[in-house]
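What follows is each chain in one-letter form.
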Amino acid sequence: MKAILSADKNWGIGYKNKLLVSIPSDMKFFRQTTTGRVVVMGRKTLESFPGGLPLKNRTNIVLTGNRGYSVKDAVIVHTYDELREELKKYDTDDVYVIGGESVYRMLLPECDTVLVTKIDRAFQADTFFPDLDTMDEWEMTEEGEEQTCFDLEFRFTKYERR
């Protein structure tokens, strides 16, 4: 299983249920990486998408404690155990955790790869991803060239479990 995200200098990933910033090449990378795959998210992440609708051309698995929650074209699970059962149906190499913070934290121990678009700026954030640079079990194995979008500098990076 993999995780995919963009994070600022402080590993901030969102504010008020929105991404910190929208970078077109990051969005394109996300689309190319996850299309045809399985994406796992929490309810609030799903609701942050346009129209609150699942992502097209992917299997969307949504974890929520709300037993009455349903959404067209998504698989809804309510507990970690239900999620584990559902994930057995898929090749783990095709599963991407896409947020939010609590889902990332819950599933990070099961991930072997984390794809991070690292943005070289600190934003106001209220949700965060664990700082992989301070965790002995994670190592940055790829770091792309610095890119610029308007006045933002960022890099595509890959972390792998040691």
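- An unreviewed UniProt entry lists the protein under the name dihydrofolate reductase, with Candidatus Mediterraneibacter pullicola as the source organism.
- Of the comments in the UniProt record for the protein, the one headed Pathway (unreviewed entry) reads "Cofactor biosynthesis; tetrahydrofolate biosynthesis; 5,6,7,8-tetrahydrofolate from 7,8-dihydrofolate: step 1/1."
- According to the UniProt record, the Sequence similarities (unreviewed entry) comment for the protein reads "Belongs to the dihydrofolate reductase family."

1. Re the pattern of salt bridges
Inference 1: All chains considered together, the criterion is met by 16 salt bridges.
Inference 2: For the salt bridge of E82 with R67, the shortest nitrogen-to-oxygen distance reads 3.3 Å. In this pair, E82 sits in helix α3 (residues 80–87) while R67 sits in the loop between β5 (59–63) and β6 (75–77), placing the two residues 15 residues apart along the sequence.
Inference 3: One salt bridge in this structure joins R84 and E110, with 2.7 Å as the shortest N-O distance. Here R84 is found in helix α3, whereas its partner E110 is found in the loop between α4 (101–107) and β8 (113–119), with 26 residues between them in sequence.
Inference 4: Residue classification places E110 among the partly exposed positions, given a relative accessible area of 24%.
Inference 5: Linked by salt bridges that have partners in common, E143, E146 and R155 make up one network.

2. Notes on the layout of surface pockets
Inference 1: Quantified by volume, the largest pocket comes out at close to 980 Å³.
Inference 2: Lining the largest pocket are 37 residues, and of these L19, T45, S48, F49 and I98 sit closest to its centre.
Inference 3: Those elements that place two or more of their residues in the lining of the largest pocket are β1 (2–7), β2 (12–15), β3 (18–19), α1 (24–34), α2 (43–47), β7 (95–99) and α4.
Inference 4: For the lining of the largest pocket, the element with the most residues is α1, which contributes five residues.
Inference 5: A breakdown of the residues in the lining of the largest pocket according to their chemical character gives 15 nonpolar, 13 polar and nine charged.
Inference 6: Taken as a whole, the second largest pocket spans an internal volume of roughly 240 Å³.
Inference 7: Looking at the second largest pocket, the residues that line it are F49, P50, L53, P54, L55, K56, K72 and D73.

The rules behind these values
Throughout, a residue's number is its position along its own chain's written sequence, starting from 1. Predicted model: local features are reported for residues with pLDDT of at least 70 only, side-chain atom pairs are reported and counted for 80 or more only, and whole-chain, interface and lining totals are derived from all residues. For side-chain calculations, the full set of non-hydrogen atoms in the structure is used, while hydrogens and water are omitted. UniProt positions are given in the numbering used here, feature names are shortened, and annotations may be inferred rather than shown by experiment. A side-chain nitrogen of Lys or Arg and a carboxyl oxygen of Asp or Glu constitute a salt bridge if their distance falls within 4 Å. Only runs of H or I of at least four residues qualify as helices and only runs of E of at least two qualify as strands under DSSP, and these elements are numbered from the N terminus. Burial status follows relative accessibility: with a 1.4 Å probe on protein chains alone, a residue under 20% of its type maximum counts as buried, one over 50% as exposed, and anything between as partly exposed. In this analysis the probe radius is 1.4 Å and the grid spacing 1 Å, with only protein atoms considered; a cavity is a set of points the probe fits into but cannot get out of, a pocket is an open set with protein on both sides within 12 Å along at least five of seven lines, and lining residues have an atom within 4 Å of a point. Grid points are joined across faces, edges and corners, and a volume is the space filled by probe spheres set on the points. Side-chain classes follow a simple rule in which Ala, Val, Leu, Ile, Met, Phe, Trp, Tyr, Cys and Pro form the nonpolar group, Asp, Glu, Lys and Arg form the charged group, and the remainder, Gly included, forms the polar group.

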